[in-house]
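Residue-level structural notes
These are the residues of each chain, in order.
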Amino acid sequence: MRINGPMSSPAKKDRVQRAMTDDGAFRVMTARTTETVREVLQAQGVKGQLGRALGELVTAAVLYRETMAPTLRVQIALKGAGESGTLLADSHPDGWARGLVQRKADAPPFELGEGAMMQLMRSLPNGELHQGVVHVPERSISEAVMGYMRQSEQIETMARVATVFEGDEVIAAGGYLVQILPEAPDQEGALLVMAQRLEDDFASIDERLAKTDADAHELMEEILYAMPHTQLGDSGVRFDCDCSRARVMGSLASLGRDDIRSLVDDGEPLEMSCDWCDTQYVIELPELQGLLSPS
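Thresholds applied
- Residues numbered from 1 in each chain as written.
- Predicted model: local features only at pLDDT ≥ 70, side-chain atom pairs only at ≥ 80, totals over all residues.
- Heavy atoms only, no water.
- Core = buried A, V, L, I, M, F, W, Y, C linked by side-chain atoms within 4.5 Å.
- Buried < 20%, exposed > 50% of the residue type's maximum accessible area, 1.4 Å probe, protein only.
- Helix = DSSP H or I, 4+ residues; strand = E, 2+ residues; numbered from the N terminus.
- Contact = heavy atoms within 4.5 Å.
- Pairing = 2+ DSSP bridges.
- Axes fitted to C-alpha atoms, helices over the stretch in contact; angles between N-to-C directions.
- Parallel < 35°, antiparallel > 145°, perpendicular 65-115°, else oblique.
- Left-handed = near helix turned anticlockwise from the far one by under 90°.
- Nonpolar A, V, L, I, M, F, W, Y, C, P; charged D, E, K, R; others polar.
- Salt bridge = Lys/Arg side-chain N within 4 Å of Asp/Glu carboxyl O.

**Let's talk about the nonpolar core**
In terms of nonpolar packing, the biggest core is built from 80 residues, with F26, M118, I141 and V178 touching the most fellow members. With 10 residues, the top contributor of residues to this core is helix 2 (residues 48-68). The contact partners of I141, leaving out residues within four places of it in the chain, are A53, E56, L57, A60, L78, L112 and V161.

Structure (structure tokens):
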């Protein structure tokens, strides 16, 4: 569909927009992830610098999946420097995303820098896992994503992700990803022009996201201002999780009989919660006893 003028996006909806410049030089993704990030941080009970990092990682996972593997599931693991912990982001082709913090109670503040590593994983249609690992000496997740794309995917990429707070509340989250395509008639020249444009006006997007409520369409139009382009797609993003009671029961069934019997002998329902979304599950005593019955 050709974009000939302003096109409105649904207000306050998390979305990803995809476009390509008409000269075939650039592929562009923009995302609003405000509500998704807000719910991820609420489920994980984090805020501040840790919350900002997790929010940016979730946005990065969404952008990476939409760019490189829109029909596949993508996960990113970001190991912090030292013993500061690991952050996980999970983006599903159905449009949902989630995040997880893995840190010891006495861990130092999460930070990037020397020793930090990023691992990106995507499931392939044949069931295999494609993964790549890159060191993250940079001090931002945006720089880490660009470094990964250049080193592991061999694609020149410019990207920015951000999570904007007002006090402890997330007021905007989103980002963009711009890639030069092999079909570009003058790759070197086009790259220089776009890189300068993004460096001048989009190196930091916090204020821009806050002002526009991270609107994906508006961000796309600003990045590609005066550049003829065609919109390729527009899809929703939301917070969700694939946990279920059936999965919980399946995990319990995989325990040894002695472990299950110990749970039964306690004489109390078993209370469990999902690490990703904090959904609570109560497994009643008869259900536990049923796991001991011959199948």
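Next comes the rest of the account.
**Thoughts on unusual backbone geometry**
The backbone of Q154 shows a phi angle near 60°, a positive value even though the residue is not glycine. Mapped onto the elements of the fold, Q154 is located in the loop between helix 3 (141-152) and strand 8 (157-166). Look at D278: it is not a glycine, yet its phi comes out positive at around 70°. On the secondary structure map, D278 appears in the loop between strand 12 (270-273) and strand 13 (280-283). Classification of D278 by relative accessible area gives partly exposed; the value is 41%.

**Digging into the pairing of strand 5 (residues 96-102)**
Most of strand 5 sits inside the fold, with six of its seven residues counted as buried. Judged from the six bridges that link them, strand 4 (residues 86-91) and strand 5 form a sheet pairing that is antiparallel. Considered in strand 5, the bridge of D90 is made with R98. The loop that links strand 4 with its antiparallel partner strand 5 comprises four residues; one of these, G95, has a positive phi angle of about 105°. Where strand 5 meets strand 11 (residues 238-239), two bridges bridge the pair, whose relative direction is parallel. Directly across from W96, in strand 11, lies its bridge partner R238.

**Quick look at the environment of Q75**
Summarising the element assignment, Q75 is placed in strand 3 (residues 74-79). Residue class for Q75 comes out partly exposed when judged on its relative accessible area of 28%. For the pair Q75 and A173, spaced 98 residues apart in the sequence, the C-alpha separation amounts to 19 Å. Those residues in contact with Q75 that sit more than four places away from it in its chain are A89, D90, Q119, L120 and M121.

**Topic: the sheet that holds strand 2 (residues 26-32)**
With respect to topology, five strands assemble into an open sheet ordered 8-9-2-1-10, the strand pairing being antiparallel. Strands at the two margins of the open sheet, each flanked by one partner only, are strand 8 and strand 10 (229-236). Neighbouring strand axes in the sheet, compared pairwise and without regard to direction, differ in orientation by 10° on average. Examined bridge by bridge, strand 2 and strand 9 (residues 169-180) share seven bridges and lie antiparallel to one another. Bridged to R27 within strand 9 is Q179. Running over the sheet, helix 2 touches strand 1 (15-21), strand 2, strand 8, strand 9 and strand 10 and is turned about 140° from strand 8.

**So, the packing of helix 1 (residues 34-44) against helix 2**
Orientation of helix 1 relative to helix 2, taken along the N-to-C sense of each, is 130°, at an axis distance of 10 Å. Between helix 1 and helix 2, the angle falls in the class oblique. Note that helix 1 runs across helix 2; the crossing there is right-handed. Along the contact surface, helix 1 presents T36, V37, V40, L41 and Q44, while helix 2 presents G51, L54, G55, V58 and T59. Along the lines of polarity and charge, the residues of the contact of helix 1 with helix 2 split into five nonpolar, five polar and no charged.

**Describing the pattern of salt bridges**
As enumerated under the stated definition, the model contains 19 salt bridges in all. Through salt bridges that share partners, D14, R32, E35, R38 and D213 make up one connected network.

**Overview of the sheet that holds strand 7 (residues 129-135)**
What the six strands build is an open sheet, ordered 7-6-3-4-5-11; its pairing is mixed. A strand with exactly one partner marks an edge of an open sheet, and here the two such strands are strand 7 and strand 11. Bridge analysis of strand 6 (residues 117-123) against strand 7 gives seven bridges, and the strand direction is antiparallel. Within strand 7, the residue paired with M121 across the bridge is Q131. Sheet strands in contact with helix 2 are strand 3, strand 4, strand 5 and strand 6, and its direction is about 35° off that of strand 4. Helix-sheet contacts for helix 3 involve strand 3, strand 6 and strand 7, and the interaxial angle to strand 7 is about 120°.

**Digging into the pairing of strand 12**
Here strand 12 runs beside strand 13; their pairing, made up of four bridges, is antiparallel. Across the sheet, the residue bridging to M272 is Y281, located in strand 13. Counted along the chain from strand 12 to the antiparallel partner strand 13, the turn is six residues long, and its residue D278 has a positive phi close to 70°.

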